[in-house]
Amino acid sequence: NAGVMQNPRHLVRRRGQEARLRCSPMKGHSHVYWYRQLPEEGLKFMVYLQKENIIDESGMPKERFSAEFPKEGPSILRIQQVVRGDSAAYFCASSPRQSTDTQYFGPGTRLTVL
Amino acid sequence: AQSVTQLGSHVSVSEGALVLLRCNYSSSVPPYLFWYVQYPNQGLQLLLKYTTGATLVKGINGFEAEFKKSETSFHLTKPSAHMSDAAEYFCAVSSGGNNRLAFGKGNQVVVIP
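J.: I keep staring at the overall build of chain A and nothing clicks. Help me out?
T.: For chain A, the count of helices and strands is zero helices and eleven strands. Beginning at the N terminus, the succession of helices and strands in chain A can be written as β-β-β-β-β-β-β-β-β-β-β. For chain A, the spread of C-alpha atoms along the principal axes amounts to about 35 × 25 × 25 Å. Sorting the 114 residues of chain A into buried and exposed places 46% on the buried side. Of the charged side chains in chain A, 17 are positive and 11 negative, and the gap between their average positions amounts to 7 Å.

Structure follows, in structure tokens:
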């Protein structure tokens, strides 16, 4: 059973460009979470999605950031007009059900904004 | 709101010595508690978790943690450090039906030969 897949692993963007980060959950998992890890910090929750629904986006910045988890295909975290402060590692996690289940993490996408 | 405190960002331990990483949490409802390990340039791997039941939890690689409600703590221990234990360790909490994991800032463990 393949683990959580994320791509790309490394992404370099110039200020003002768009970044698209993809996450394929583990097989059989319908719940996806995105977290951001800034340098010298722990992971911070961004958004929780189920298929075609955003359940909790309380950790998402109000502007430029969006997430989706379509019926078919991977979950996408989209950052428009990136700024240097968006440079971080973005981790996706998945679980088969909600709440009590362990979240399994992908290897992360390291975004660098020049 | 839930939160986690991990003191001491860098922890050095001699090979063969006890590993002790401290975690204190804050939660308004009974918590679920987790320890994850992160190796360089990799994702987080679950070491162990507490949800309900026995308060002493055993995990992978010889690690264990004890939930102490009165102290709001979930400290991680391993009796004898191995070189392969060098990594970053994160404590996390979620509150029942709340799916958000709140993480501490992590402990970078260095094992000295």
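J.: What is the right way to read the interface of chain A and chain B from this model?
T.: Interfaces are often sized by the amount of accessible area the parts lose when they come together. In this assembly, 22 residues from chain A lie in contact with 18 residues from chain B. Linking chain A to chain B there are one salt bridge. One salt bridge connects Asp56(A) with Arg100(B), and the closest N-O pair in it is separated by 2.6 Å. Run the count over chain A and chain B and you get five residue pairs in polar contact (both at pLDDT 80 or more). Sorting the residues of the side of chain A that touches chain B by element identifies strand E4 (31-37) and strand E5 (43-50) of chain A as the ones contributing at least two each. Looking at the side of chain A that touches chain B, its residues break down into eight nonpolar, nine polar and five charged.

J.: How do you make sense of the environment of Gly59(B) when you look at a structure like this?
T.: All names here are of chain B. Mapped onto the fold, Gly 59 is located in the loop between strand E7 (56-58) and strand E8 (64-68). With relative accessibility at 28%, the residue Gly 59 sits in the partly exposed group. Between the C-alpha atom of Gly 59 and that of Leu 47, which follows or precedes it by twelve residues, the distance is 5.4 Å. Setting aside residues no more than four positions away along its own chain, Gly 59 makes contact with Leu 47, Leu 48 and Glu 64.

What counts as what
Residues numbered from 1 in each chain as written. Chains lettered and ligands numbered in written order. Predicted model: local features only at pLDDT ≥ 70, side-chain atom pairs only at ≥ 80, totals over all residues. Heavy atoms only, no water. Helix = DSSP H or I, 4+ residues; strand = E, 2+ residues; numbered from the N terminus. Buried < 20%, exposed > 50% of the residue type's maximum accessible area, 1.4 Å probe, protein only. Lys, Arg positive; Asp, Glu negative; His and termini not counted. Charge placed at Lys NZ, Arg CZ, Asp CG, Glu CD. Contact = heavy atoms within 4.5 Å. Salt bridge = Lys/Arg side-chain N within 4 Å of Asp/Glu carboxyl O. Polar contact = N/O pair within 3.5 Å; in protein donor to acceptor, adjacent residues only side chain to side chain. Nonpolar A, V, L, I, M, F, W, Y, C, P; charged D, E, K, R; others polar.

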